[in-house]
Amino acid sequence: MGCCGSAASQSSKREWKPLEDRSCTDIPWLLLFILFCIGMGLICGFSIATGAAARLVSGYDSYGNICGQKNVKVEGIENSGLDLTGKKYVFFLEPCNVDLVERKIKSIAVCVSACPQNELKTLADVQKFANTNGSTLCSYELKPSEYTTDSRADKLCPKFPVPESAPIPFFHRCAPVNISCYAKFAEALITFVSDSSVLHRLISGVMTCKEIILGLCLLSLVLSMIMMVIIRYISRVLVWILTVLVVLGSLGGTGVLWWLYAKQRKSNSDTLTVEQLQIAKDNRQALLIYAIAATVFTVILLLIMLVMRKRVALTIALFHVAGKVFIHLPLLVFQPFWTFFALILFWIYWITVLLILGTTGSPVQNEQGFVEFRVAGPLRYMWWYHLVGLVWISEFILACQQMTVAGAVVTYYFTREKRNLPLTPILASVNRLICYHLGTVAKGSFIITLVKIPRMILMYIHTQVKGKENACARCILKACICCLWCLEKCLTYLNQNAYTATAINSTNFCTSAKDAFVILVENALRVAAINTVGDFMLFLGKVLIVCSTGLAGIMLLNYKQDYTVWVLPLVIVCLFAFLVAHCFLSIYEMVVDVLFLCFAIDNKYNDGSPGKEFYMDKVLMEFVENSRKAMKEAGRGGGPEGRELKPMASGASSS
């Protein structure tokens, strides 16, 4: 009997019963996702069955012949249907003629038996290479004996000088060894490179510093792990230092603006011309507006911090408990690695199928008289299906990580005796995900896909019509992209909390999202405190890791006098450091968010009385007790804080 068959039926009561019920959720969405994945597999199978895989790996010439095998004649195309068994490599007559718009090499391609290993400067050199190696670098119409005598050689032979080439591993294409051949293409990708010599120095700098780069990447990994431990112990100090700096910064900025305005008013204007007087008047008016705006901003900021000062203590407590979670669940630290590994495997598969799709179809003669492979009819929309698959499956993998982390943290939180935790809570969470909640993950990731795909389409349209549309259309387009981005972020946050609710109560996605939304609205100020103070703390941690790694890189690269070669190694190291720090600290942020929802549910439905004991950690209990004492001292329980902290059953117990 499968997991779903042995599960209890889903409870219709709207009560939170942590870890009690286990039922399969959103099964229709799981079936839909499986069907979609089968469709992705059929696209791959179709591409391979139509011979596209052979064209991708072995390569094909401009006449539709696949290199290294016998070919079938294409109707109406000369030089097609040749036996090229001994010619296994694709050679481009103009390998450096790169079309940046179409992202391909604009050149006649022929199949050759060997790539030129030395630079060839004349037709005589090409003829000698053909006679020596048996590899004809000109088009099939010309025999080697005609290279130096036939007038067609200017068009049908390679452009001189022919660069030294080497075959690309596994893909049988002759590629120039000297990267300066692609200087123009590299300039389009790397805008700060103005000539190929600079690019060559940058690449050589990376190659000579590869050991240092590897060591710095490992350093960023270690620093990220250390930071996750440190945050637990310095969260209280870091939060209050951050608060003081924000207050002093806003007050100082406002004071400076008012001081500049007062100084401008007292300045002597007797010696100024009429034009200078007008400029001085405009400056005073601008400074007055800036000072008033800064004052309003500072007052609002101080009021917000005054209202949220108590909730900052909850953020500190949650960060402290999150540190304990990682002590009891050390495998959480490695969760980003498994997710990244799964994404890399899927992306490799997706790119491979995409490349195969690029060579799928029937041979068609283009405007230049050469062969292109195009898909006709409804099958040409396979690209769109494949694109949706990229987004949906990628989001599905990320959602599986969120559900796994949520399940493990929920198990930790709602287990009163921590020594009774499962031997491997992470694996237990993965097991529950596979058995019960894959449908919920599929539905949540599909909702994100529905928002992300239109945003990607609008961004593509924006890049294609950039500089051509009017100001109004550009503004509307950017506004739509911005709105979709905001909606995507909000849905992502709601999805994460919905997965937590599913891990607690084993309800379907919509029910979990509604329940989580209600809890978040009831604790809106706390959510704001955690998502501002907490996120900024984690951002500072990321900045610290990147800066530390960059500083270590500068010290290690200091022996090099050519400072130009510093650029690319440092950029690579800093980007990798930020990626690693983001992966690790985003897991920390995810744990804090899950703990907060568990705490809010625990605080709402339990009050510490017999039969309704808290599940929360001692640190969180102290926060609740301190909050209740503060309410009693204030002499009122009906304010916003009182309503937020008041347990659901306290009214019944008081009566």
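Cut-off values and rules
- Residues numbered from 1 in each chain as written.
- Predicted model: local features only at pLDDT ≥ 70, side-chain atom pairs only at ≥ 80, totals over all residues.
- Heavy atoms only, no water.
- Helix = DSSP H or I, 4+ residues; strand = E, 2+ residues; numbered from the N terminus.
- Buried < 20%, exposed > 50% of the residue type's maximum accessible area, 1.4 Å probe, protein only.
- Polar contact = N/O pair within 3.5 Å; in protein donor to acceptor, adjacent residues only side chain to side chain.
- Patch = residues over 30% accessible without salt bridge, like charges linked within 9 Å, V, L, I, M, F, W, Y side chains within 5 Å.
- Areas by Shrake-Rupley, 256 points an atom, 1.4 Å probe, with all protein chains shown as cover.
- Salt bridge = Lys/Arg side-chain N within 4 Å of Asp/Glu carboxyl O.
- Core = buried A, V, L, I, M, F, W, Y, C linked by side-chain atoms within 4.5 Å.
- Contact = heavy atoms within 4.5 Å.
- Disulfide = S-S within 2.5 Å.
- Axes fitted to C-alpha atoms, helices over the stretch in contact; angles between N-to-C directions.
- Parallel < 35°, antiparallel > 145°, perpendicular 65-115°, else oblique.
- Left-handed = near helix turned anticlockwise from the far one by under 90°.
- Nonpolar A, V, L, I, M, F, W, Y, C, P; charged D, E, K, R; others polar.
- pLDDT = per-residue confidence, 0-100.
- Expected span 1.5 Å × (residues − 1).
- Phe/Tyr/Trp six-rings, centres within 6.5 Å; stacked < 30°, edge-to-face > 60°.

## Considerations on the side chain of T507
Then, in step 1: Note on placement: T507 falls in the loop between helix 12 (471-505) and helix 13 (509-522).
Then, in step 2: Here T507 falls in the buried class, since its relative accessible area comes to 3%.
Then, in step 3: A polar contact of 2.6 Å, which involves the side chain of T507, links it to the side chain of S512.

## A few points about a nonpolar patch on the surface
Then, in step 1: Together, V222, I226, V229, I230, Y233, I234 and I327 make up an exposed nonpolar region whose accessible area comes to about 630 Å².
Then, in step 2: Ranked by the residues each element gives to the nonpolar patch, the list is headed by helix 7 (residues 210-266), at 6 residues.
Then, in step 3: Along the chain, the position of V229 falls in helix 7.

## Topic: the nonpolar core
Then, in step 1: Counting residues in each nonpolar core, the largest one holds 61 residues, and the members touching the most others are L332, Y588, V591, L595 and L620.
Then, in step 2: Counting residues per element, the ones that place at least two in this core are helix 7, helix 8 (274-328), helix 10 (382-413), helix 12, helix 13, helix 14 (524-556), helix 15 (567-605) and helix 16 (618-634).
Then, in step 3: When residues of this core are assigned to their parent elements, the largest contribution, 17 residues, is made by helix 15.
Then, in step 4: Residues contacting V591, with those up to four places away along its chain left out, are A322, V325, F326, L332, V405 and V409.

## A few points about the state of the cysteines
Then, in step 1: Tallying each qualifying case throughout the model produces 3 disulfides.
Then, in step 2: Two residues, C138 and C157, share a disulfide whose sulfurs are 2.0 Å apart. Judged by the torsion about the S-S bond (110°), the C138/C157 disulfide is right-handed. Of this pair, C138 sits in the loop between helix 3 (123-133) and helix 4 (153-156) while C157 sits in the loop between helix 4 and strand 5 (165-167), and the two are 19 residues apart along the sequence. As far as burial versus exposure is concerned, C138 and C157 are alike and both buried.
Then, in step 3: Not engaged in a disulfide, the cysteine C472 finds its nearest cysteine sulfur in C475; these two sulfurs lie 6.9 Å apart.
Then, in step 4: Cysteine C574 shares no disulfide, and the gap to the nearest cysteine sulfur, in C547, comes to 7.9 Å.

## Describing the packing of helix 10 against helix 11 (residues 425-464)
Then, in step 1: In the contact formed by helix 10 and helix 11, the axes pass within 5 Å of each other and the chain directions differ by 140°. If you check the angle between helix 10 and helix 11, you find them oblique. The hand of the helix 10/helix 11 crossing is right-handed.
Then, in step 2: Class assignment for the residues of the contact of helix 10 with helix 11 results in 22 nonpolar, 8 polar and 3 charged.

## Focus on the confidence of the model for the protein chain
Then, in step 1: With 82% of its residues at a pLDDT of at least 70, the protein chain reaches an overall mean of 78.
Then, in step 2: Mean pLDDT across the elements of the protein chain bottoms out in helix 18 (residues 650-654) (32) and peaks in helix 10 (92).
Then, in step 3: The low-confidence segment residues 636-655, where pLDDT is below 50, has 29 contacts with residues more than four positions distant or belonging to other chains.

## Examining helix 13
The periodicity of an α-helix, 3.6 residues per turn, causes residues three or four places apart in sequence to face the same way.
Then, in step 1: Look at helix 13: 20 Å from first C-alpha to last across 14 residues, which is about the 20 Å you get at 1.5 Å a residue.
Then, in step 2: Among the residues of helix 13, those classed as buried are F509, T511, S512, A513, D515, A516, I519 and L520.
Then, in step 3: For helix 13, the N-terminal capping position is held by N508, with its side-chain oxygen 3.3 Å away from the main-chain nitrogen of C510.

## A look at the packing of aromatic side chains
Then, in step 1: The tally for this structure, following the rule as stated, stands at 16 aromatic pairs.
Then, in step 2: Seen from their ring centres, F33 and W392 are 5.2 Å apart, and the 75° between their planes marks the pair as edge-to-face. Residue F33 is located in helix 1 (residues 27-49), and its partner W392 is located in helix 10; the two are separated by 359 residues in the primary sequence.
Then, in step 3: Taking relative accessible area as the criterion, F33 reaches 8% and is therefore assigned buried.
Then, in step 4: Looking at W392, the relative accessible area reads 2%, which means it is buried.
Then, in step 5: An aromatic cluster is present here, built from W29, F33, F36, Y385, W392, F396 and F446 joined pairwise through their rings.

## Focus on the pattern of salt bridges
Charged atoms that come close allow side chains of opposite charge to pair.
Then, in step 1: Considering all chains together, one arrives at 5 salt bridges under this definition.
Then, in step 2: Note that D150 is salt-bridged to R152, the shortest N-O span being 3.1 Å.
Then, in step 3: Where E488 meets R455, a salt bridge forms, and the shortest distance between an N and an O atom there is 2.9 Å. With E488 in helix 12 and R455 in helix 11, the pair connects residues that are 33 residues apart, well separated along the chain.
Then, in step 4: With a relative accessible area of 5%, E488 lands in the buried category.
Then, in step 5: By relative accessible area, which is 14% here, R455 ends up buried.
Then, in step 6: When salt bridges with common partners are traced through the structure, they connect E395, K452, R455 and E488 into a single cluster.

## Some details on unusual backbone geometry
Then, in step 1: The linkage connecting F160 with the following residue, P161, adopts the cis geometry, with an omega of -5°.
Then, in step 2: Considering the arrangement of structural elements, one finds P161 in the loop between helix 4 and strand 5.
Then, in step 3: Here N79, not a glycine, exhibits a phi torsion of approximately 65°, which is positive.
Then, in step 4: Judged by relative accessible area, which is 16%, N79 ranks as buried.

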